[in-house]
Structure formats: structure tokens, C-alpha cells
Amino acid sequence: MEKMSEATKEFNEDDSSSSGECSTLSENSDENKERGNWTRKMDFWLSLVGYAVGLGNIWRFPYLCYKSGGGAFLIPYTIFLFLCGVPLFFLEVSFGQFASLSPITIWRICPLFKGTGIGMAIVSGMCCLYYNVLIAWTIYFLFMSMRTVLPWSTCGNDWNTEHCFVKDKSIDKAFKYNQTVTNFTTSKYGLLQQSGVLMNSSSILKQNYTSPSEEFWEKHVLQITDGIENMGELRWQLFLCLLFSWILVFLCLCKGVKSSGKVVYITATFPYLVLLVLLVRGVTLPGAVNGLKWYLIPKWEKLATFQVWGDAAVQIFYSVGMAWGGLITLASYNKQAMIVPLMNCGTSVFAGLVIFSIIGFMAHETGVEIDDAIKQGPGLVFVAYPAALAKLPISPLWAVLFFLMLLSVGLDTQFGMFETMISAFIDEYPKYLRNRKMLLTAFVCFVEFLLGIPCIMEGGIYVLQIIDWYCAVFSLMLLSFTECVVIAWVYGADRFLSDIELMIGYKPSIWWKICWQFITPIVIIGIWLFSVIQLKPVSYGDYQYPGWAIAAGWLLGLASILPLPAYMIYAILTTDGNMLQRIRTLIKPSPLWGPAVERYRIKYEASRSSFGTSGEIYFPPTINFGDDNCHPDSELCALSISKTNHIS
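The rules we used
Per chain, the residues get numbers from 1 upward, laid out in the order the sequence is written. Where local features are concerned, this predicted model is filtered to residues with pLDDT of at least 70; where side-chain atom pairs are given and counted, the filter is 80 or more; whole-chain, interface and lining totals use all residues. With hydrogens and water set aside, each side-chain value is computed from the structure's full complement of heavy atoms. Secondary structure follows DSSP: runs of H or I at least 4 residues long count as helices, runs of E at least 2 residues long count as strands, and numbering of each begins at the N terminus. Per-residue accessibility, obtained with a 1.4 Å probe over protein chains only, is compared with the maximum for each type, and a residue is labelled buried under 20%, exposed over 50%, and partly exposed between these values. Areas reported here follow the Shrake-Rupley algorithm with a probe of radius 1.4 Å; residue values treat only the protein chains shown as occluding. By convention in this document, the label disulfide applies to cysteine sulfur atom pairs within 2.5 Å. For helices, the axis comes from a line fit to the C-alpha atoms of the stretch in contact; other axes are also lines fit to C-alpha atoms, and the angle between any two N-to-C directions lies between 0 and 180 degrees. Crossing handedness is read from the near helix: turned anticlockwise from the far helix by less than a right angle, it gives a left-handed crossing, and turned clockwise, a right-handed one. Note on contacts: a residue pair is in contact if any heavy atoms of the two residues lie within 4.5 Å. For this classification, the nonpolar set comprises Ala, Val, Leu, Ile, Met, Phe, Trp, Tyr, Cys and Pro, the charged set comprises Asp, Glu, Lys and Arg, and every other residue, Gly included, is treated as polar. Only residues whose relative accessible area exceeds 30% and that take part in no salt bridge are eligible for patches, with like-charged residues grouped when within 9 Å of each other and nonpolar side chains (Val, Leu, Ile, Met, Phe, Trp, Tyr) grouped when within 5 Å. Throughout this description, the term salt bridge denotes a Lys or Arg side-chain nitrogen within 4 Å of a carboxyl oxygen of Asp or Glu. An angle below 35 degrees is treated as roughly parallel, one above 145 as roughly antiparallel, one from 65 to 115 as roughly perpendicular, and anything else as oblique. Distance and chemistry together define a polar contact, namely a pair of N or O atoms within 3.5 Å, with one atom able to donate a hydrogen and the other to accept it when in protein, and with adjacent residues in sequence counting only for side-chain atoms on both sides. Given a helix with a known number of residues, its expected span is that number minus one, times 1.5 Å. This arc describes the spread of directions from the helix axis toward the C-beta atoms. Stacked, edge-to-face and tilted are the three classes for Phe, Tyr and Trp ring pairs, Trp counted by its six-membered ring, which pair at centre distances within 6.5 Å; planes under 30 degrees apart are stacked, over 60 edge-to-face, the rest tilted. Confidence scores per residue from the predictor, reported as pLDDT, run from 0 to 100. The definition of a nonpolar core used throughout is a set of buried Ala, Val, Leu, Ile, Met, Phe, Trp, Tyr and Cys residues joined through side-chain atoms within 4.5 Å.

**Overview of the overall build of the protein**
And then number 1: In terms of regular secondary structure, the protein is built from 28 helices and 2 strands.
And then number 2: In the protein, buried positions account for 58% of the 648 residues.
And then number 3: Of the roughly 26500 Å² that the protein leaves accessible, carbon and sulfur atoms contribute 64%.

**Looking at the state of the cysteines**
And then number 1: Summed over the entire model, instances satisfying the criterion amount to 1 disulfide.
And then number 2: The partner cysteine of Cys155 in its disulfide is Cys164, sulfur to sulfur 1.9 Å. A torsion of -75 degrees about the S-S bond marks the disulfide between Cys155 and Cys164 as left-handed.
And then number 3: Taking relative accessible area as the criterion, Cys164 reaches 1% and is therefore assigned buried.
And then number 4: Between Cys484, a cysteine without a disulfide, and Cys84, which holds the nearest cysteine sulfur, the sulfur-to-sulfur distance is 8.2 Å.
And then number 5: The class for Cys484 is buried, based on a relative accessible area of 0%.
And then number 6: Unpaired in terms of disulfides, Cys515 finds its nearest cysteine sulfur in Cys484, a separation of 8.7 Å.

**Focus on unusual backbone geometry**
And then number 1: A positive phi angle, close to 55 degrees, is found at Ser100, a residue other than glycine.
And then number 2: When you line up the elements, Ser100 lands in the loop between helix 5 (71-99) and helix 6 (114-144).
And then number 3: A relative accessible area of 8% means that Ser100 is categorised as buried.
And then number 4: Unlike most non-glycine residues, Gln223 shows phi in positive territory, near 50 degrees.
And then number 5: Positionally, Gln223 belongs in the loop between helix 9 (212-222) and helix 10 (236-253).

**Considerations on the packing of helix 5 against helix 23 (residues 510-534)**
And then number 1: Following both chains from N to C, one finds helix 5 and helix 23 inclined at 115 degrees, their axes separated by 9 Å at the closest point. The hand of the helix 5/helix 23 crossing is left-handed. Facing Phe80, Phe82, Leu83, Cys84, Val86, Pro87, Leu88, Phe90 and Leu91 of helix 5, the residues of helix 23 in contact are Trp511, Trp512, Cys515, Trp516, Ile519, Thr520, Val523 and Ile524.
And then number 2: Of the residues belonging to the contact of helix 5 with helix 23, the class tally is 16 nonpolar, 1 polar and no charged.

**Some remarks on a nonpolar patch on the surface**
And then number 1: On the surface, Trp489, Val490, Ile510, Trp511, Ile514, Phe518, Ile522, Met579, Ile583 and Ile587 cluster together into a nonpolar patch covering about 940 Å² of accessible area.
And then number 2: Broken down by element, the residue count for the nonpolar patch peaks at 5 residues, all from helix 23.
And then number 3: Along the chain, the position of Trp511 falls in helix 23.

**Describing the pattern of salt bridges**
And then number 1: Applying the stated rule across the entire model yields 4 salt bridges.
And then number 2: Here Lys114 and Glu428 are joined by a salt bridge, their closest N and O atoms 2.9 Å apart.
And then number 3: Assessed through its relative accessible area of 15%, Lys114 is described here as buried.
And then number 4: Of the charged contacts in the structure, one is a salt bridge between Lys513 and Asp494, with a shortest N-O distance of 3.1 Å. Of this pair, Lys513 sits in helix 23 while Asp494 sits in helix 22 (residues 473-504), and the two are 19 residues apart along the sequence.
And then number 5: Classification of Asp494 by relative accessible area gives partly exposed; the value is 40%.

**Examining the packing of helix 10 against helix 20 (residues 437-452)**
And then number 1: It is the contact of helix 10 with helix 20, at a shortest axis distance of 10 Å, that shows an interaxial angle of 160 degrees. It follows from the interaxial angle that helix 10 and helix 20 lie roughly antiparallel. Where helix 10 crosses over helix 20, the two elements pack in a sense that is right-handed. In this structure, helix 10 contributes Phe239, Leu242, Leu243, Trp246, Val249, Phe250 and Leu253 to the contact, and helix 20 contributes Met438, Thr441, Ala442, Cys445, Glu448, Phe449 and Gly452.
And then number 2: Residue composition of the contact of helix 10 with helix 20, by class: 11 nonpolar, 2 polar and 1 charged.

**Observations concerning the side chain of Lys114**
And then number 1: Here Lys114 lies in helix 6.
And then number 2: Within the local environment of Lys114, its side chain forms a polar contact with the side chain of Glu428, the two groups lying 2.9 Å apart.

**Digging into helix 24 (residues 547-559)**
And then number 1: Between its terminal C-alpha atoms helix 24 stretches 19 Å, which fits the 18 Å expected from 13 residues at 1.5 Å a residue.
And then number 2: Where helix 24 is concerned, the buried positions are Ala549, Ile550, Gly553 and Gly557. Buried residues in helix 24, looked at end-on, bunch into an arc of 100 degrees, giving them a common side. Turned more than 90 degrees away from the buried face of helix 24 sit Gly547, Trp548 and Leu555, all of them exposed.

**Concerning the packing of aromatic side chains**
Each aromatic ring pair is described using two quantities: the centre-to-centre distance and the angle formed by the ring planes.
And then number 1: Applying the stated criterion across every chain yields a total of 37 aromatic pairs.
And then number 2: Where Phe80 meets Trp309, the ring centres are 6.2 Å apart and the plane angle is 85 degrees; that geometry is what we call edge-to-face. On the criterion of sequence distance, the pair formed by Phe80 in helix 5 and Trp309 in helix 14 (residues 306-320) is long-range, its members being 229 residues apart.
And then number 3: Taking relative accessible area as the criterion, Phe80 reaches 13% and is therefore assigned buried.
And then number 4: Judged by its relative accessible area of 27%, Trp309 is partly exposed.
And then number 5: Judged by centre distance (5.4 Å) and plane angle (45 degrees), the ring pair of Phe141 and Trp152 falls under tilted.

**Here we look at the confidence of the model for the protein**
Detailed reading of the predicted model is not advised wherever pLDDT is low.
And then number 1: Here the protein shows a mean pLDDT of 76. Residues at 70 or above account for 72%.
And then number 2: Confidence over residues 1-30 falls short of pLDDT 50; this stretch has 47 contacts with residues more than four positions distant or in other chains.
And then number 3: Note on residues 330-337: pLDDT is under 50 here. Beyond four places in sequence and across chains, it has 42 contacts.

**Some details on the nonpolar core**
And then number 1: Ranked by internal contacts, the top residues of the largest apolar core, which has 163 residues, are Trp137, Trp217, Phe403, Phe418, Trp516, Tyr545 and Trp593.
And then number 2: If one sorts the elements of this core by residue count, helix 6 sits on top with 18 residues.
And then number 3: Once you skip the residues sitting within four places of it in the chain, Phe418 turns out to touch Cys128, Trp246, Val249, Leu253, Thr441, Val444 and Cys445.

**Some details on the environment of Asp311**
And then number 1: Its place among the elements puts Asp311 in helix 14.
And then number 2: Given the relative accessible area of 8%, Asp311 is considered buried.
And then number 3: The spatial distance from the C-alpha of Asp311 to the C-alpha of Phe61 is 9.7 Å, given a sequence separation of 250 residues.
And then number 4: Setting aside its immediate chain neighbours within four residues, Asp311 contacts Leu64, Lys67, Ser68, Phe73 and Phe530.

Take a look at the structure:
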């Protein structure tokens, strides 16, 4: 134990000295020269915040609050944050930081479950595809905001139908005094023309009319078809926006974390500035108080429904970003790493204040109840918010700021998911790809761009809805459950806590062990069962998908889960020994498991061997993991070989 303490002390002294150099570290002085590190500690923090704080904070969280009784939703959300979100976040960040590897290669810790990492990379890849479509829509709205009159504020445009309805002061008078209003033909100025038929306001609201923002979204931006069976033509404006968004991603990530670490200073901080400005403006609008009351005053009866608790638990996975592989990837470039989950959820609550003040204003302006003022998903961002922005003074300015904010939070999350894919490829095949990262980034961007083209056709919204509906919910939970169980039970929670101790200088609380071994896995399984029971076939509004489209959605959902059993079978078939020997070999860490930086790895091996029994050091001599970063002239490889021979 004395030897272990000395090794730990020496490890921490070296690590702390390197941490002190972090703020001034240049690109040429990386400790991990092959993969690179964040240039500054702040780059890492902002990247984690940007990755975790995404579009879900802007539309999904407020919608669930609205559906689940406002403030009542915050109670189960906070509970699940501490029982599931924070423990998994700490586990993934520590996991990635310790080994400095991407989600696939990092499963040297337990090679039998390497399919878990492959599944994480697949989830991130599929979500990158449709996430950039959302960014393309945002870019299009941003360009359309740069004009004197917002195009979704009136009914006098080429794309508007006879059902377009806009309420202004003239109509308010007609309602108030019960004046005669006619067949509601829309003039080029977006006003309702009057005649001799007497109708009151309630009669008008019962008619089949749509808002200008809804028609702008469906008739102009999407030019939506009647179903996925009819994909229609390519939307060339959106095609150019999608191309621009992928060029933007490439330029920001072409040099890996060195380039994205600079960009996040803008993309991770700008949304908070815009949210603050919008909050100040939002709370001064008429009706804002009603929206804030709806948000902050709990409807306690909602807590008695299982749906609220299930929605809160599922939202934790979307909010904090576990099991996507992004946390492992971002942490793998860092030398020290945790208040991010709290910042993330705090951002959701803060964004809720902004959003519900605007929703209260919308309800006041349209004369509807707050219950009917918003819709789920893209309808909230691209219909409800533009409608509210159009009613603000100097509306084009507010619209530009709002969509710049959406662009910022979208790009931040996209950076994390995309870097997960790139790092997964490079760490698996470093000999061929590490010196060709820019070329690989360009190639993957191009492939993802091509795969995203169906989503910007006239029927593309139906394709995107399938991806969003099936790709993440089941796989995220199963992958995170596997990750938690393998590290806590197969590798060992005590052993993992000792690894963390080498990094931070002290052993974390036993609370983390209890969470990883018992509480968090039980919560995840409960959430998964809830999702299975509650999931309905994919739909978009009133449109019901055909059977073949639903089957395609399930195949997409299974695509990130199947690698787990498939790789288990492959690994067992390609390992020497009888069945029991193969499994024993595959559940033990690879000889290359440990800190990636060689001088730290040597101290790590010294501290591990000081436990006194070789049985606690798992270095199987029978399995060959290929290249796997092991080069004949490498000190790391020599150390691994000598360890293997010694135990043999």
C-alpha cells in the first residue's frame, strides 16, 4: 500500500503540474501528441456545456413542462437528474478522461462489450444526419428574417391559402363590437374583409383557419406533401442551406478539438446572452405573467400520473447526453474534468422562463388558452416562436437573434456528436487515419450530407420524424445500462474508483458506487420499460404512417443495438480456447487498457501491481486485438508485452 500511495502521489503531482500548464498549452505541447488535447481547460468546459445544451432545451423540455403540469414536471425531473443523470455523466466523463479514447476503442476495458461503443457511434451518426437538417431549417429562417417585414407575419404571400388568418387591431374591434364579418377572404394586406353576415368572435375561431406562420412553415419552407409515399421534389433552397450547414461543421471541426475548442467560445456563450435579452423583453409583454404562472406553479395532481415521471426520466437522457458517446469523446481530450449536468438543467429551467413568457404573450394575443398555444417538436420552434417574434417591436431584429441562438445551440451539439464518429474511426485505425483526419472529416461530412438529402425533399419531414421517433429512445437506455453494469460489476466499481483516484488525488464518495451498482441501473430499466409500454407507432400530426415505414423505423432503431450481440458473437468465435476460457478472456481488460499517455501509464501499472496479487491485474495472453495503437517501438507496447509475458 505504501508503494501504491507513492505511485499515486507521483502521478497526481505530474498531473497537477500538467494541469497548471493547461491554460498556456500550445498545440505543439500536447501530452497526448497522437490524439491531441484541449488547448485550454475552458475549451473543454464550454464544449461539454455546448454539447449538452441543445435544441432539446429550447423545444422538448418546455413542451414536456407544458404537457405535464408546469412546475410539477420539475420535481421528477430533478429527482431523476440526481439518481440517473449525474451518476452516468460522472461515469462517462471519468471513463473517457482516464483512457483518452473514443467510445469504441475505450472498450479495451471489457472487449466482450465493444459493440456498446459501436452502437454509440451509430446513434451519433444517425442523429448527426437529422440534426443538421434542423440546422438547415434554422439557417433558412435566419436568411428570411433579414427583411423589413417578416414573411410569416402576413397572409398576402404566394404560398398563403384562403384559410390564412391573422388577427390585428382591426379584427379586435370587429370582435369586440360584434360587427359584421363576411366570408373571411384574405386581402393582400392580410386583413379580413367585411360584408353583411353577422358572426361573433367565437364563430370565427371555429372556422378552419391557419396562422401565417403555420402556412409559411408547411406551404413555403417544407412544401409538405400528403405523406411519405409521395416524397415530391427537392427543395433547392433547403438543399443549399443543408450544404452550407455541413460546410460550417467541416470548417469548425477540420482540425478536431483544436478548432472546435475556439468556436465554442461563441457558440456556447451566445445563447445565454440571447436568452437573457429575450427574457427581459418577454416578461414585459402583455400576458407574460400568465405564462410564467403556468410554468412555475405546479399542478400537483399531475404527479399522480405515471406519464409525468416517465417523461421526466426520458428527458434526462436527451438533456445530459449520456450513451451518445459524445461525453466520452470530449472527455478523452481532457486532462481534468462536473457541474455540467447542473448547468444543463439550469439552462432548461432558464429557457423555460423565456419560452413561457412568450407563450403567455401568444395566448393573450390569439385569445386561446395556454394549453393550446404550443405544439411539440419542430412546430414549437418553427411555428409558435416565429408567430410570437412577428408581434414584437422591431420583429426582424428579434427574429435574427432568436435563430442565431438556435444555430449556436444546434452547432454545439452537432460538434459533439460528429467528433464522436470521427474519433471512433481514428482510434480504431490510427495507423491509416490519424494523419488524414481532415480528409476523413470531409468525407464523412459529404456522406452525411448525401444521406440527409431525402429529409429536405417536399416529403422530407416524414423521413425526419421516423429518425427522431425510433433512433434514440430505446438504444440510448440499453447502451447506458450496459455501460453502467459492465463498469460497476464486470470491471468493478472499486477498481474504477481507484482509477479515478489516480486522476483527481482522492477517492470519490461511496455514493457513486451505490448509484452505479444499484440505483442507476434499476432506474434505467424502469425508464426503458416505460418507453416500451408507452411507445406508439410513428405519426406526424393526423397523418398515420404505412406499415413499411414503421418497419423501417424499427430497423433504424435496432441498428445501434444489434452491434452489441453481434460483436459478442464475433469476439467469442475469434478468440482462442474453449467457450469458458474465451468468455473469461474477453471480460478482462486488454493489455492496453489504462491511461493513454505513456508516462502516466507506467505509474498506473506500478500502482496496480502494488495491490500485491497478480490476480487483480487482468492481462490476458491469448487474445490479439490487432493494431489497436500498439506499435513495436512504443514504450506502451513494450510495457504491455512484458506484462503479458510476466503473467503467462
